[in-house]
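Structure at a glance
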Amino acid sequence: MARVLILGAGIAGHTAARYLSKWIGKKHEVVVVSPNAKWNWIPSNIWVGVGDMTEEEVTFDLKQVYDKAGITFHQAKGISIHPEGSKDSASPYVTVEFTDEARTGQQDTITYDYLINATGPKLNFNATEGLGPDNGYTVSVCTAKHALEANEKLQEQIEAMKKGEERTFVIGTGHGMCTCQGAAFEYTYNVDHTLREAGVRDKARIIWISNEYELGDFGMGGVHIKRGGYVTNAKTFSESLMVERDIEWITRAHVSKIEPGKIHYELLDGSMGELDFDFSMLIPPFAGVGLNAFDKKGEDITATLFAPNGFLKVDGDYTPRPYEEWSAEDWPKTYQNPIYKNLFAIGIAFAPPHPISKPMKSTNGTPISPTPPRTGMPSAAMAVNVAKSIRDMVNGAEKPTHHASMAEMGAACMASTGSHLFRGSAVSMTVYPVVPDFVKYPAYGRDLSLTTGEVGLAGHWMKYVLHYTFMYQSKMKPGWSYMPD
Amino acid sequence: MPKATNREPYEQTYYPPTPTGFTRYMRNSIPWQIIRFIIINVKMLRLMMNSQH
């Protein structure tokens, strides 16, 4: 009997666990280790952050679901990977530290035959002084609890505006090396919509600040779409959305420091700026969760297994090259580690070979450009394909049988506002492939029949359908495996 | 202070396209949005199918 150990139960880890339990769970063991007791459908945290959904609507208890599915669950965080085992045993293992009430702080080891690292990111609020809800002055929507707190503070501002006071809202990215601009983008529109519904929009100044070179970059180097008889860039599309909603924007910005009520930032041209704010939601940069690795002699091999940013190296081409020589071929296909063939990394946990957006530095030498997005639909696609490969390897295949390069997969983003079926609105964007392939699609790097953007109620309905579909599917209710991921 | 009779042109909001009344109407037109909903669904399914290898 083989044991497949999965570190992390986010979109990537939970998707892999679901399929592996279905395909090989009766003969083999599937073990999930996650520091969180609850699963969170993160895309809907945006609605929690404006009070349109409760925490309970976007989370559920993992153990209950895993008990029914025959998956072993440990509420713990991974500390170190020992892919060669130890001096006493050749069985590879992971050291974990429990986070449940009964065993908080206790450590144990779990051996494995196959390991999937799907830990997601460390939300690196410490990268910018004053950033984040715990030790800083900004809010976040990265977790359901953060989103709840964001809504509480938003409602306080609305109450003040109802009394006639004016307020400034700053939303965007909290560092020059952030990704996940889409979440902040969606939150901006939801805040705008919430203020309009409350009748106080005229009292609010909303400012978008981000590390993108231009609006609509989203860490993917921007996209081109067909609109109004032209092929146009998402920059035009995004700026139109901002102007329509009376939202100002600052791009090419690295937020360097946040004080109570004041954001300091640096621009690519080297100039420095300050923004006064009353409410600010800034996405933090992501880093690896800090896993270490050791060989059988106990020597530290963390630098061999992980990239400097803490993400696990897989089958990508990590040879440093200038931007002009980057290609779709650089991106990982199987997510298998090149040294330890039973080790995989998916979702945010794998190390990208390089960004997608062109790296930029300010005249002061500060890097200000987005890092690549790898959340949501791409995470699930990687998880399903890695689960298929491990299923086949457990059954005798010598190497991974499926591939899911980000240069051959698509992504969808539904930035929906409001909770009313007929008064809501949404920006729907689809991109294929996520990493542009200028060999296959020489003009724009992408298939323009699958790279689209539009505004309307349909996207709003789609977001609702996606929310309830993925919550149902993730709870592994009857028929879940027949639903698309 | 004299009343402004001209508009400042070279500002952030001056350049991006803004939707016409017809575009805004179509964004909320139920029959049209039902058609768009079907089309977005088909595109999403094609995206998902193309992402499985």
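Residues numbered from 1 in each chain as written. Chains lettered and ligands numbered in written order. Predicted model: local features only at pLDDT ≥ 70, side-chain atom pairs only at ≥ 80, totals over all residues.

**Some points on the overall build of chain A**
Along the backbone of chain A there are 10 helices and 24 strands. In terms of C-alpha radius of gyration, chain A reaches 22 Å, essentially the compact-globule figure of 23 Å for 485 residues. Based on the C-alpha atoms only, the size of chain A along its principal axes is roughly 70 × 50 × 40 Å. Out of the 485 residues in chain A, the part that is buried amounts to 54%. Expressed as a percentage of contacts within chain A between residues at least 6 apart in sequence, the contacts between residues at least 24 apart total 66%. (Helix = DSSP H or I, 4+ residues; strand = E, 2+ residues; numbered from the N terminus. Rg over C-alpha atoms; globule rule 2.2 N^0.38 Å. Buried ≥ 20, exposed ≤ 12 C-beta atoms within 10 Å, placed from the backbone. Contact = placed C-beta atoms within 7 Å.)

**Section: the overall build of chain B**
A tally of helices and strands in chain B yields 2 helices and 0 strands. Relative to its length of 53 residues, chain B is extended, with a C-alpha radius of gyration of 20 Å against a globular reference of 10 Å. If you line up chain B on its principal axes, its C-alpha atoms span 65 × 30 × 15 Å. Sorting the 53 residues of chain B into buried and exposed places 13% on the buried side.

**Concerning the nonpolar core**
All names here are of chain A. Formed by 148 residues in total, the largest nonpolar core has its most connected members in Ile6, Ala16, Ile346 and Val386. Per element, the largest residue contribution to this core is 10 residues, and it comes from helix α9 (residues 377-394). The contact partners of Ile346, leaving out residues within four places of it in the chain, are Ala12, Ala16, Ile116, Ala118, Tyr335, Ser379, Met382, Ala383 and Val386. (Core = buried A, V, L, I, M, F, W, Y, C linked by C-beta atoms within 7 Å.)

**Section: the interface of chain B and chain A**
Accessible area lost upon the coming together of the parts serves often as the stated size of an interface. Listed per partner, the contact involves 22 residues of chain B and 32 residues of chain A. The set of elements that each furnish at least two residues to the side of chain B that touches chain A consists of α1 (21-28) and α2 (30-50) of chain B. With 11 residues, α2 of chain B is the largest single contributor of residues to the side of chain B that touches chain A. Across the side of chain B that touches chain A, the residue classes break down as 9 nonpolar, 9 polar and 4 charged. (Nonpolar A, V, L, I, M, F, W, Y, C, P; charged D, E, K, R; others polar.)

**A look at the pairing of strand β15 (residues 253-259) of chain A**
All names here are of chain A. Of the pairings in the sheet, the one linking β15 to strand β16 (residues 262-267) comprises 6 bridges and is antiparallel in character. Across the sheet, the residue bridging to Ala253 is Leu267, located in β16. Between β15 and the antiparallel strand that follows it, β16, lie 2 residues; Gly261 among them carries a positive phi value of about 80 degrees. (Pairing = 2+ DSSP bridges.)

**Concerning the confidence of the model for chain B**
Summing up the model confidence of chain B, the mean pLDDT is 88 and the portion of residues at 70 or higher is 100%. Model confidence for the complex is summarised by a pTM of 0.93, with the ipTM given as 0.89. (pLDDT = per-residue confidence, 0-100.)

**Quick notes on helix α7 (residues 234-244) of chain A**
All names here are of chain A. Along α7, 8 of the 11 residues are buried, which leaves the element largely enclosed by surrounding structure. Buried within α7 are the following residues: Ala234, Thr236, Phe237, Ser238, Glu239, Ser240, Leu241 and Met242. In the core, the buried residues of α7 are packed alongside β11 (204-209), β12 (224-227), β13 (230-233), β14 (247-250), β23 (425-431) and β24 (452-455). Of the residues one or two after α7, Asp246 is the one with positive phi, at around 60 degrees.

**A look at the sheet that holds strand β17 (residues 272-276) of chain A**
Residue and element names in this part refer to chain A. Strands sit in the order β15-β16-β17 across an open sheet of 3 strands; the sheet is antiparallel. What marks the edges here is a single partner per strand, and that holds for β15 and β17. Neighbouring strand axes in the sheet, compared pairwise and without regard to direction, differ in orientation by 25 degrees on average. (Axes fitted to C-alpha atoms, helices over the stretch in contact; angles between N-to-C directions.)

**So, the sheet that holds β23 of chain A**
Residue and element names in this part refer to chain A. What the 3 strands build is an open sheet, ordered β22-β23-β24; its pairing is antiparallel. This sheet does not close on itself; its edge strands, each paired only once, are β22 (411-417) and β24. Each strand of the sheet is rotated relative to its neighbour by a mean of 5 degrees, with strand direction disregarded. Bridge analysis of β23 against β24 gives 4 bridges, and the strand direction is antiparallel. The residue bridging Met429 from the neighbouring strand is Gly453, located in β24.

**Quick notes on α9 of chain A**
Residue and element names in this part refer to chain A. Spanning 18 residues, α9 covers 26 Å between terminal C-alpha atoms, matching the ideal 26 Å at 1.5 Å per step. Where burial is concerned, most of α9 is hidden: 16 out of the 18 residues are buried. Two residues or fewer past α9, Gly396 is found with a positive phi of approximately 120 degrees. (Expected span 1.5 Å × (residues − 1).)

**Concerning unusual backbone geometry**
Residue and element names in this part refer to chain A. Cis geometry marks the peptide bond from Tyr432 to Pro433; its omega dihedral reads -10 degrees. Inspection of the secondary structure puts Pro433 in the loop between β23 and β24. Look at Asp246: it is not a glycine, yet its phi comes out positive at around 60 degrees. Looking at the secondary structure, you find Asp246 in the loop between α7 and β14. With 13 C-beta atoms packed within 10 Å, Asp246 lands in the partly exposed category.

**Points about the packing of helix α1 (residues 11-24) of chain A against α9 of chain A**
Residue and element names in this part refer to chain A. One way to put it is that α1 packs onto α9 with a least axis distance of 8 Å and a crossing angle of 35 degrees. When the axes of α1 and α9 are compared, the crossing they make is right-handed. Facing α1, whose interface residues are Ile11, Ala12, Thr15, Ala16, Tyr19, Leu20, Trp23 and Ile24, α9 presents Ser379, Ala380, Met382, Ala383, Val384, Val386, Ala387, Ile390, Arg391 and Val394. Here the contact of α1 with α9 is built from residues that sort into 15 nonpolar, 2 polar and 1 charged. (Left-handed = near helix turned anticlockwise from the far one by under 90°.)

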